[in-house]
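The residues making up each chain are set out below.
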Amino acid sequence: MPMTLIKGNYRVVKAAPDGDSVRFYPDNPENWKKLPTRIHTNHSGGAQLRLDSIDALETHYHARVGSLGTQHQPLEYAHAAASEL
């Protein structure tokens, strides 16, 4: 399988990564077009990368139904996973 190298950086300062994903910002956002799949980016051009074979508890998420606001799974373990990452 061919691979494509996209240079850039990960941003975690002033962000809220959990234990199984992190935001990646390419040096050149046009490089996203080289990939065979569509990439969903935020307003700054960063994409959330999920780590393969890792599933950590969520530190924050919004329920798809209702108006429950921000939810989380047991924070002791969720924050421990994020800190380890």
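Quick caveat, the model's predicted, so the values are computed rather than measured. (Residues numbered from 1 in each chain as written. Predicted model: local features only at pLDDT ≥ 70, side-chain atom pairs only at ≥ 80, totals over all residues. Heavy atoms only, no water.)

**Focus: the overall build of the protein**
Within the protein one finds one helix and five strands. Taken from the N to the C terminus, the helices and strands of the protein come in the order β-β-β-β-β-α. Split into buried and exposed, the 85 residues of the protein put 21% on the buried side. Of the contacts made within the protein by residues no fewer than 6 positions apart, 39% connect residues no fewer than 24 positions apart. Total accessible area on the protein is roughly 7,000 Å²; 53% of this is exposed by carbon and sulfur atoms. (Helix = DSSP H or I, 4+ residues; strand = E, 2+ residues; numbered from the N terminus. Buried < 20%, exposed > 50% of the residue type's maximum accessible area, 1.4 Å probe, protein only. Contact = heavy atoms within 4.5 Å. Areas by Shrake-Rupley, 256 points an atom, 1.4 Å probe, with all protein chains shown as cover.)

**Structural notes on the pattern of salt bridges**
The final tally for this structure, using the stated rule, is one salt bridge. Linking glutamate 30 and lysine 33 is a salt bridge whose minimum nitrogen-to-oxygen distance equals 2.9 Å. Accessibility expressed as a relative area gives 47% for glutamate 30, which makes it partly exposed. (Salt bridge = Lys/Arg side-chain N within 4 Å of Asp/Glu carboxyl O.)

**So, the environment of alanine 82**
Inspection of the secondary structure puts alanine 82 in helix H1 (residues 75-84). Sequence spacing of alanine 82 and valine 22 is 60 residues, and the spatial spacing of their C-alpha atoms is 9.7 Å.

**Considering the environment of asparagine 9**
Counting through the fold element by element, asparagine 9 comes out in strand S1 (residues 8-11). Along the backbone, asparagine 9 and phenylalanine 24 are 15 residues apart, and their C-alpha atoms lie at a distance of 5.7 Å. In this view, asparagine 9 contacts Arg23, Phe24, Tyr25 and Asp27; residues no more than four positions away in its chain are not counted.

**Looking at the sheet that holds S1**
Here three strands make up an open sheet; going across it, the order is S1-S2-S3 and the pairing antiparallel. The open sheet has two free edges, formed respectively by S1 and strand S3 (47-50), since each of these has just one partner strand. The sheet shows a mean angle of 40° between the axes of neighbouring strands, taken without regard to direction. Note: strand S2 (residues 21-26) against S3, four bridges, orientation antiparallel. Counted as the bridge partner of valine 22 is leucine 49 from S3. (Pairing = 2+ DSSP bridges. Axes fitted to C-alpha atoms, helices over the stretch in contact; angles between N-to-C directions.)

**Describing the pairing of S2**
Judged by how many residues are buried, S2 sits mostly within the fold: five of six residues are covered. Where S1 and S2 come together, four bridges link them in antiparallel fashion. Its bridge partner being in S2, arginine 11 is matched across the sheet by arginine 23.

**Quick notes on the confidence of the model for the protein**
On average, residues of the protein carry a pLDDT of 78, and 68% of them reach 70 or more. The spread of mean pLDDT over the elements of the protein runs between strand S4 (residues 61-62), the lowest at 62, and S1, the highest at 90. (pLDDT = per-residue confidence, 0-100.)

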